[in-house]
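Remarks on the overall topology
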Amino acid sequence: MQFTPPLARLIEHFQKLPGIGPKSAQRMAFHVLKMSTQDVGEFAFALVDCKEKVRNCSQCYHLSASDPCEICTNDRRDRSTICVVADAKDVIALERTREYRGLYHVLTGLISPLEGKGPDDLTIRDLLLRVQKLGVKEVILAINPTIEGDATVLYVQGILKSLPVSITRIAFGLPVGADLEYADDITLSRSLAGRREV
Amino acid sequence: MLLKNLKLHNFRNYNEQDIEFKPGLNIILGENAQGKSNLLEAIEYISTGKSYRATHDTELISRSKNQASIAVQYFIDWDNRSNLQNISIDFKTTPVEGKTKSLKLEKKVKINGATYSTTRNLKGSLCVVSFKSEDLNLARGGPKYRRDWIDNLLSSIDLGYRETSNRYAKCITQRNRLLKNIAEKGGRYNLSDSDKEQLRVWSRQAASLGAKVTKERLKLLDQMRPLIESYQEKISGKNEPITVRYFQTSTEEDPESPQNIDQQDDQLGPNWNETSESELESRLMSLYKSRFNEELARKQTLSGPHRDDIVFCLNDLPAKNYGSQGQTRTLVLSLKIAELDLVSDHLHEPPILLLDDVLAELDLNRQNFLMQEVANRKDMQTVITTTHIDAFQKNWLNGASFYEVSGGFIKEKISC
Ligand SMILES: [Zn+2]
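Quantities reported herein were computed from a predicted structural model and do not represent experimental measurements.

1. Focus: the side chain of threonine 328 of chain B
- Structurally, threonine 328 of chain B can be placed in helix α9 (residues 325-347).
- Relative accessible area serves as the criterion here: at 4%, threonine 328 of chain B is assigned to the buried category.

Next up, the structure:
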């Protein structure tokens, strides 16, 4: 049996979301029908409002409704340090630690020929300009140690090497509280490779 | 290591099967195509996380079924049989939405209760060395047989190697795509600065990982060479020096022909075993450079461990081209026993030896040698498949356990 057109359309839209299969999309659509008209209105408004207002910050490319973003305009942040990440989600993760007080730079991805992403599709040029303009002293690369992450790190290093800036990369290893016995082999061997003197 | 029990469900031609294995020799009898090899394939799959003969893992599931499983119980220590280990793999296929003929395969791997969705954590648990008729290709077949052999062996005794070679493979896939992109944009005279820089980055990474992989292979070969030599002397009674040559790639999948073997400039020199990692890395970088046009034309990385070859020589002549059939069999047999030694060293006790119908490939002298080596390793469990029991000399059968396979059923035979 066919869904009536408005319902079919809604299911179709839910199904375009990542990780949503036909079954879940149906369940979500039926749930929408059960919601109050006001809730549905607010939901629809939130979708459009978010799409209209949230942009990449023109300086650091983090996602924000204001441009420049809250981090770039915060006077108390240290302008001599930039932490480079692949994705806006990584900024959120690092901010949660409350450790870091410098600025960020979101590359909007990693170099990956397989995914059609070259250096020119990322914000590496803008990083170079920012480092020069702000007189940044330290660039911290907070980039996953995948093969694409490593290639991106090498590339960024190459681009920045003529500037008087120190470049570091954050260490990867065992999660805090992890039991050595249950750590997966790969994580363990990486932690061993990245060990430091104590 | 001691395999105690194997359970199969919808695996190949087995419907429901439960087998208890015994210490020492386990002899599996059966006509061809009854399921002898499938049994060893299942054990090896638990060990390596892949099948040596299925092109796709969906082939492992019985026809018209959509799920299958393999489960084993084993002891790590031969002496201490208190700590029973459990590994199981469930295979399940589901149709792909919108595509009538494709199936999606899901695997659920359980190692002592911990569940994983990939087989990458399997390696290093159950340790087997297997010897089957396909292994004769190690001497006579194309380079891929030798690369797969050395990669599998190193992966099973060196965790770091497994990780490095996986990363290397990913890196080569990326570099190949980049070469393709560049070729399609108009080749080397149309390279933008960022293309050039990107190529440098992927080449450097490929060379660095490639050198690590190669160095580990060279170390292993260096360690193995004297072992192979001594076993080969034991079999043939002749002291023929074995040398190893390591080729860093050629244009063709099958590079060495007898005429030009000494002229190839991509061969590591006589001190190949002393080549350092940084030397290997710069060799790779210069190979990339000198063959760049060819790489662009073929849109792939033509140099590196994924294209390398190992040539075993007897009296300095490549066994592959000059060896008699007897000599190549002796070489492969020596190689396999040397492999057994290395894995035993790593484990501090013998792995499980799987012999798939291999006696049929060997003459009496070599059969005797192999069975003597098996008998010498008192703490080793061996599973042998064969079509004929009369191939076995009486004295080898002492204390052996027998099983009979027929049409996907296996049962223990009390007497023979
Ligand atoms: Zn910003």
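2. Thoughts on the pattern of salt bridges
Residue and element names in this part refer to chain B.
- Scanning the entire structure with this criterion turns up 30 salt bridges over all chains.
- A salt bridge links glutamate 294 to arginine 291, with the shortest nitrogen-to-oxygen separation between them at 3.5 Å.
- Residue class for glutamate 294 comes out partly exposed when judged on its relative accessible area of 27%.
- In this structure arginine 291 comes out as buried when scored by relative accessible area, which is 11%.

3. Side note on the packing of α9 of chain B against helix α10 (residues 364-376) of chain B
Residues and elements named next belong to chain B.
- Following both chains from N to C, one finds α9 and α10 inclined at 5°, their axes separated by 11 Å at the closest point. The angle between the axes of α9 and α10 places the two elements in the roughly parallel class. For the pair formed by α9 and α10, the contact residues are Gly326, Gln327, Arg329, Thr330, Leu333 and Ile337 on the first element and Arg366, Phe369, Leu370 and Glu373 on the second.
- Of the residues contributing to the contact of α9 with α10, the split by class is four nonpolar, three polar and three charged.

4. Quick notes on a nonpolar patch on the surface
All names here are of chain A.
- There is a patch of nonpolar side chains on the surface, built from Phe3, Phe30 and Leu33 and spanning about 270 Å² of accessible area.
- Structurally, the position occupied by leucine 33 is in helix α2 (residues 22-34).
- Classification of leucine 33 as exposed rests on a relative accessible area of 57%.

5. A few points about the coordination of the zinc ion
Residues and elements named next belong to chain A.
- Coordination of the zinc ion by the protein involves Cys57 (SG), Cys60 (SG), Cys69 (SG) and Cys72 (SG), with metal-donor separations of 2.3 to 2.4 Å.
- Metal-centred angles of 102 to 116° between the four donor atoms at the zinc ion mark the site as tetrahedral.
- Along the chain, the residues donating to the zinc ion fall in the pattern C-x2-C-x8-C-x2-C. Cysteine 72 matches cysteine 69 in its accessibility class, with the two residues each being buried.

6. Here we look at helix α5 (residues 88-96) of chain A
- Capping the start of α5 of chain A is the job of one residue whose side-chain oxygen sits 2.9 Å from the backbone nitrogen of lysine 89 of chain A: aspartate 87 of chain A.
- Positive phi shows up at arginine 98 of chain A, right after α5 of chain A, with a value of about 60°.

7. Remarks on the sheet that holds strand β11 (residues 317-318) of chain B
Residues and elements named next belong to chain B.
- If you walk across this open sheet you meet the three strands as β9-β10-β11, and the pairing is antiparallel. Edge positions in the sheet fall to β9 (242-247) and β11, since each of these pairs with one other strand and no more.
- Here two bridges tie strand β10 (residues 309-314) to β11, and the two strands are oriented antiparallel to one another. When the sheet's bridge partners are listed, leucine 314 is paired in β11 with leucine 317.
- The strands touched by helix α5 (residues 193-236) are β9 and β10; relative to β9, the strand with the most contacts, the crossing angle is about 160°.

8. What to know about the interface of chain A and chain B
- Counting from both sides, the interface comprises 23 residues of chain A and, opposite them, 23 residues of chain B.
- Put simply, chain A and chain B have one salt bridge between them.
- Across the pair arginine 167 of chain B and aspartate 150 of chain A runs a salt bridge, and its minimum N-O distance is 2.4 Å.
- Linking chain A with chain B are seven residue pairs in polar contact (both at pLDDT 80 or more).
- Sorting the residues of the side of chain A that touches chain B by element identifies α7 (147-160) and α8 (185-193) of chain A as the ones contributing at least two each.
- Residue classes in the side of chain A that touches chain B are distributed as 11 nonpolar, five polar and seven charged.

9. What to know about the packing of helix α4 (residues 159-184) of chain B against α5 of chain B
Residues and elements named next belong to chain B.
- Interhelical geometry of α4 versus α5 gives an angle of 145° and a closest axis separation of 9 Å. By crossing handedness, the relation of α4 to α5 is classed as left-handed. Every residue of α5 that contacts α4 at Tyr161, Thr164, Ser165, Arg167, Tyr168, Cys171, Ile172, Gln174, Arg175, Leu178, Leu179 and Ile182 is listed here: Gln198, Leu199, Trp202, Ser203, Gln205, Ala206, Leu209, Gly210, Lys212, Val213, Glu216 and Arg217.
- Classifying every residue of the contact of α4 with α5 by side-chain character gives 12 nonpolar, seven polar and five charged.

10. A look at the environment of arginine 298 of chain B
Residue and element names in this part refer to chain B.
- With respect to the secondary-structure elements, arginine 298 resides in helix α7 (residues 292-298).
- The exposure class assigned to arginine 298 is partly exposed, which follows from its relative accessible area of 33%.
- Along the sequence, arginine 298 and aspartate 193 sit 105 residues apart, while their C-alpha atoms lie 22 Å from each other.

What counts, and where the lines are drawn
Residues numbered from 1 in each chain as written. Chains lettered and ligands numbered in written order. Predicted model: local features only at pLDDT ≥ 70, side-chain atom pairs only at ≥ 80, totals over all residues. Heavy atoms only, no water. Helix = DSSP H or I, 4+ residues; strand = E, 2+ residues; numbered from the N terminus. Buried < 20%, exposed > 50% of the residue type's maximum accessible area, 1.4 Å probe, protein only. Salt bridge = Lys/Arg side-chain N within 4 Å of Asp/Glu carboxyl O. Axes fitted to C-alpha atoms, helices over the stretch in contact; angles between N-to-C directions. Parallel < 35°, antiparallel > 145°, perpendicular 65-115°, else oblique. Contact = heavy atoms within 4.5 Å. Nonpolar A, V, L, I, M, F, W, Y, C, P; charged D, E, K, R; others polar. Patch = residues over 30% accessible without salt bridge, like charges linked within 9 Å, V, L, I, M, F, W, Y side chains within 5 Å. Areas by Shrake-Rupley, 256 points an atom, 1.4 Å probe, with all protein chains shown as cover. Donors = N, O, S within 2.8 Å, 3.2 Å for Na, K, Ca; no water. Tetrahedral: all angles 85-135°; square planar, octahedral: opposite > 155°, others 65-115°. Polar contact = N/O pair within 3.5 Å; in protein donor to acceptor, adjacent residues only side chain to side chain. Pairing = 2+ DSSP bridges. Left-handed = near helix turned anticlockwise from the far one by under 90°.

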